Structure formats: structure tokens, C-alpha cells
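# Report on the structure
Chain by chain, the residues:
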Amino acid sequence: MGAVFAAAPLVSQVFIPPAFIRFMGVFMHNLFKYAALAVFAGASAVAHADTAESRGGITVKSDDGRFEAKIGGRIHFDTYIPVDDDDVGDLTGQTNFRRTRLILDGKAYGWAYKFECDFTGTGTGCFREMWLGSTLGPVNFRIGQAKPYRGMEELTSSNEILFMERPFATASGIYSGNQYAQGVFLDSHGANWTWAVSGYSLRNEEAPPTEGVGAAARVTFAPVLNDETVLHLGLSASTDRPQGEQRDGSGNPTGISVRDASGRAFGRISGGTRIARTSDERTGLGGELAFRTGPFYAQGEYAKVDYKSDTAGDESVDAYYLQASWLLTGETKPYDVKKGVFKSPKPKAASGAWELKARYDVMEGETAPNDKISNWIVGMNWFVNPNVRFMLEYLSGKIEQTTDTETQILQLRSQFNF
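## Quick notes on the overall build of the chain
In terms of helices and strands, the chain carries one helix and 24 strands. Within the chain, buried positions represent 50% of all 418 residues. Relative to all contacts within the chain whose residues are 6 or more apart in sequence, the contacts with residues 24 or more apart total 60%. Taken as a whole, the chain presents about 18200 Å² of accessible surface, with 60% of it coming from carbon and sulfur.

## Thoughts on the confidence of the model for the chain
Summary statistics for the chain give a mean pLDDT of 80 and a share of 72% for residues scoring 70 or more. Low pLDDT, under 50, characterises residues 1–17; the predicted model gives this stretch 44 contacts beyond four residues in sequence or across chains. Low pLDDT, under 50, characterises residues 32–49; the stretch is placed with 27 contacts to residues that sit more than four places away or in other chains.

## Regarding the environment of Pro-138
By secondary structure assignment, the location of Pro-138 is in the loop between β7 (127–136) and β8 (139–146). As a C-alpha pair, Pro-138 and Gly-190 span 52 residues in sequence and 9.2 Å in three-dimensional space. With residues up to four places along the chain from it excluded, the contact list for Pro-138 reads Asp-187 and Ser-188.

## Looking at the nonpolar core
Ranked by internal contacts, the top residues of the largest apolar core, which has 18 residues, are Tyr-149, Met-152, Tyr-335 and Phe-342. Contact partners of Met-152, with chain neighbours within four places excluded, come to Arg-218, His-232, Glu-288, Ala-290, Gln-299, Glu-301, Gly-340, Val-341 and Phe-342.

## Examining the state of the cysteines
The final tally for this structure, using the stated rule, is one disulfide. Between the sulfur atoms of Cys-117 and its disulfide mate Cys-126 the distance is 2.2 Å. Here Cys-126 falls in the buried class, since its relative accessible area comes to 1%.

## Some details on the side chain of Glu-301
Counting through the fold element by element, Glu-301 comes out in strand β17 (residues 296–308). Arg-218 provides the closest opposite charge to the buried, salt-bridge-free Glu-301, at an N-O distance of 6.5 Å. Of the polar contacts made by the side chain of Glu-301, one reaches the backbone nitrogen of Met-152; its length is 3.1 Å. When neighbours within four sequence positions are excluded, Glu-301 is seen to be in contact with Gly-151, Met-152, Glu-153, Gly-287, Glu-288, Ala-319, Tyr-320 and Tyr-321.

## Things to note about the pairing of strand β6 (residues 111–118)
As judged from the eight bridges shared by strand β5 (residues 94–108) and β6, these two strands associate in the antiparallel manner. Among the inter-strand pairings, Leu-104 is bridged to a residue of β6, identified as Phe-115. Between β5 and β6, which pair antiparallel one after the other, the connecting turn spans two residues, and Tyr-109 there sits at a positive phi close to 55°.

## Focus on unusual backbone geometry
Its identity is not glycine, yet Tyr-109 carries a phi of approximately 55°, on the positive side. Within the fold, Tyr-109 resides in the loop between β5 and β6.

## Examining a nonpolar patch on the surface
A contiguous nonpolar surface patch, about 630 Å² in accessible area, is contributed by Ile-81, Val-83, Val-378, Phe-390, Leu-392, Tyr-394, Leu-410 and Leu-412. Among the secondary structure elements, those contributing two or more residues to the nonpolar patch are β4 (67–84), β23 (388–400) and β24 (405–417). By residue number, the principal contributor to the nonpolar patch is β23, which donates three residues. Along the chain, Leu-410 turns up in strand β24.

## A short note on the pairing of strand β10 (residues 193–201)
Across the two faces of β10 the burial differs, with Thr-194, Ala-196, Ser-198 and Tyr-200 buried and Trp-193, Trp-195, Val-197, Gly-199 and Ser-201 not buried at all. Bridging between strand β9 (residues 181–189) and β10 involves eight bridges; their strand directions are antiparallel. In the strand pairing of β10, Ser-188 is matched with Trp-195. Taking the residues between adjacent antiparallel strands as the criterion, β9 and β10 are bridged by three residues.

## Some thoughts on the packing of aromatic side chains
For the coordinates displayed, the defined rule picks out 12 aromatic pairs. Among the aromatic residues, ring-to-ring pairing joins Tyr-297, Tyr-335 and Phe-342 into one connected group. Sitting over the ring of Trp-131, Arg-142 keeps its end group 5.3 Å from the ring centre. The ring of Tyr-297 carries Lys-333 above its face, with NZ or CZ at 5.2 Å from the centroid.

## With respect to the side chain of Glu-154
For Glu-154, the position within the fold is in the loop between β8 and β9. This buried residue, Glu-154, is left without a salt bridge; Lys-147 holds the nearest opposite charge, at 4.1 Å. Setting aside its immediate chain neighbours within four residues, Glu-154 contacts Lys-147, Arg-166, Thr-170, Ala-171, Ser-172 and Gln-179.

## Regarding the environment of Asn-192
Along the polypeptide, Asn-192 turns up in the loop between β9 and β10. Take Asn-192: its relative accessible area is 23%, and that puts it in the partly exposed class. Distance from Asn-192 to Pro-223, taken between C-alpha atoms, is 7.2 Å for residues 31 residues apart in sequence. Not counting the four nearest positions on each side in its chain, Asn-192 is found in contact with Thr-220, Phe-221, Ala-222, Leu-225 and Val-337.

## Quick notes on the environment of Glu-116
Position of Glu-116 among the secondary structure elements: in strand β6. Taking the C-alpha atoms as reference, Glu-116 lies 10.0 Å from Ile-71; in sequence the two are 45 residues apart. Setting aside anything within four residues of it in sequence, one finds Glu-116 in contact with Arg-74, Arg-101, Leu-102, Ile-103, Cys-126, Phe-127, Arg-128, Glu-129 and Met-130.

Parameters at a glance
- Residues numbered from 1 in each chain as written.
- Predicted model: local features only at pLDDT ≥ 70, side-chain atom pairs only at ≥ 80, totals over all residues.
- Heavy atoms only, no water.
- Helix = DSSP H or I, 4+ residues; strand = E, 2+ residues; numbered from the N terminus.
- Buried < 20%, exposed > 50% of the residue type's maximum accessible area, 1.4 Å probe, protein only.
- Contact = heavy atoms within 4.5 Å.
- Areas by Shrake-Rupley, 256 points an atom, 1.4 Å probe, with all protein chains shown as cover.
- pLDDT = per-residue confidence, 0-100.
- Core = buried A, V, L, I, M, F, W, Y, C linked by side-chain atoms within 4.5 Å.
- Disulfide = S-S within 2.5 Å.
- Lys, Arg positive; Asp, Glu negative; His and termini not counted.
- Salt bridge = Lys/Arg side-chain N within 4 Å of Asp/Glu carboxyl O.
- Polar contact = N/O pair within 3.5 Å; in protein donor to acceptor, adjacent residues only side chain to side chain.
- Pairing = 2+ DSSP bridges.
- Patch = residues over 30% accessible without salt bridge, like charges linked within 9 Å, V, L, I, M, F, W, Y side chains within 5 Å.
- Phe/Tyr/Trp six-rings, centres within 6.5 Å; stacked < 30°, edge-to-face > 60°.
- Lys NZ or Arg CZ within 6 Å of the ring centre and 35° of its normal.

Dropping the structure here:
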């Protein structure tokens, strides 16, 4: 039977050890130094001039287009104000750097690359996406660390997601602990469809070494796709199997053995509630449905994950959400047909774009004691310009178990990406 518990309230804190600061200082210094030298040296050998441009970040291109390097990043600074915390104790309003990332990507001699580091958190590493890639005819392939192909919201950039946190039908919930994996990633697309397949180890460079393998696949189809209206359908499936010591839960955690909602139940201020705990195999199946017409947009996903254990019994967890928004200023959310996801609108006026939004999000266990976590969120996004966004949200969350827990949080994000 799965272990179910409610932990004491947690508040995310930002602490970067001095050794990590020194390591990253040397790492990023050498990274940009040698990457820049490679790009400029390669470009000068085949081209007579480089073109530099900036839209917040820095992009350098050779005049023949064969070489390119771009520096970008993001800052997500969050504020949390408890509104009703009677069930979880006397919480204090907090601030938190949710993400502070620096990114270098580009191409050289027909190969693409990406380095992405996040300086937020207490871990020993900063790795997010780190890969090199190229094409085989119409197929793109990448080798390194990236996201397995699971679900629409999971594959939407954190700069583009509608709410401050992703729903439970993602690695923020039902696929807890496996947002990134190391392996081979293949994808392709047509005028209104995509397919993607990934095979990977359960290793994440930021986490301790682990054993085990996994695979994930996703297909999407947009039967209606024009400037005014988009109808999106999608299906994904995945399986993860730990090996060696990880099978009995000892040694380094793989992340697949625990369905833990800590840090997501009520924004970033919450306790932890485990819906299922097994350690032998996890298989998931998810469906996607999204629709956009003019300034209106709606998106929903359903995911079912089965957790299998040789010793503790099998368990199943369901997660689903529905979210919608209306752009008051008349913009339309762009649809990225290459990835099968929606992106943020670009403001039409100097005063920016304003968006009303709402979401209902649920995760629940199918096996006794059938614990359930759910929340309602309503709020507004203000896109000041293509680089700056402010997000205001009112979240009402509930954990249903032996003793129910409810709370309400007001949360704000200040976001800059370049």
C-alpha cells in the first residue's frame, strides 16, 4: 500500500553554497569564452563579417548563416501572501527566486547545441537542458539532457505557461522528479502534426547518479489550424524502470518511486502529500485537447499513471486539469506547430496585453485511501512587452485525506526573459 503523509509547512528558500558559486563562476567563464571563440573563429574562417543583434539577449550570426550563437536567460521572482492558513498553521508571506537561468545556444557546421543553467536552488548542479543535435532528413535528433516527450504543458516553456506553476499532470505532479533525463530525443513535424520519441536513462545531472531506463513518445494533430482558430489533439505515453538498488527504494532516489505534491499543492507554500509510493515500474498515458479562437483559449489534459511494486502492491493515480484565458486587449496566442504547444501573445499596444485566466487542477489516487489534491486558480497576466510579464493569482487548494486541509494563497510573479 502506498505511503500517505502530510508534512509540516515548507517554504522554498534560495541558498547557493560558496563552493557552487565558485564552480559555476569558473564553468560559465570558460563556457562562454570557448563557445565564443569557437563561433567567431569558425565564422571568420568561412565568412567575412558577423552580424550582431539584441532583443534583450545577444545573437551573433555569420554572414553566410552557417554559424550562430545566442545568449539568453530568464528571471522569475515570486511573492506569496497567505490569505487563509488556519489548517496549515501561521504562515508568513515569502519571496522566492523561482528561476534564474542563463542560456547559450546556437549552431556550427550544421550542428546545434544548448547549454542551460539555473542558479536557483540548493542542489549541487545547475543543469537543465544540455545537448547537441542535428537533422537526419526531416527528423531532428538531440543527444544529451532534455525533457522526455510527455504532455502539452510539460513541453511548454516556463516563460510561456499560463500560470506560475504547471498542473499535476506533469513532472510538477504525477511524473514527480523526472522533468529532465539523459538520452536520445527524436522529433519531426508537418503542416499540422508532430511526433516525438525519446529513450533515456533515469540520470539527471543535477541529481545523484541513478540506474534505470525509460522511454516516452508523443503525437499531436491539429485538424483545424488557421490564423483565427486552432483545434489541437495530442496523445503521449511513457514508461520508467529503475534497476539495481533503486528497485527497493534504497540508495540514490530515481524520483519515479514517489508521487509527491510538495511545493505544488498550494503554490510554493505547502506541506507534502504523497498519493502513491512504489519503486519498481511506472507507466503513464496522457491525452491533450486545446482550442483557440481569437482572444479565447482553453486547454486540458488527462494523465493516468500506474505504479507497480513487487513488495508494496500496485497503485494508480489520475491527474487532470482544465484551464482557459481571455485576452482583454484582443491579442491571439500563437500556436507553435513544430512543438504542438501554445506560446505567449505579443502585445499590440504600448500599454501591453492583459489576460484573464482560470484553472481547475486535480490529482487523486485510485487505490485506498483514495487521497485527493485539488485547487482552483484565478488571476491575470500583464504582458508589458515581449520580455516582461507580471502574473497575479489567487489559489484555493484542498487536500482530502483522513483530515482535510484547505488554504488560500495570493501569489505574484515578476518575470523577465531575454
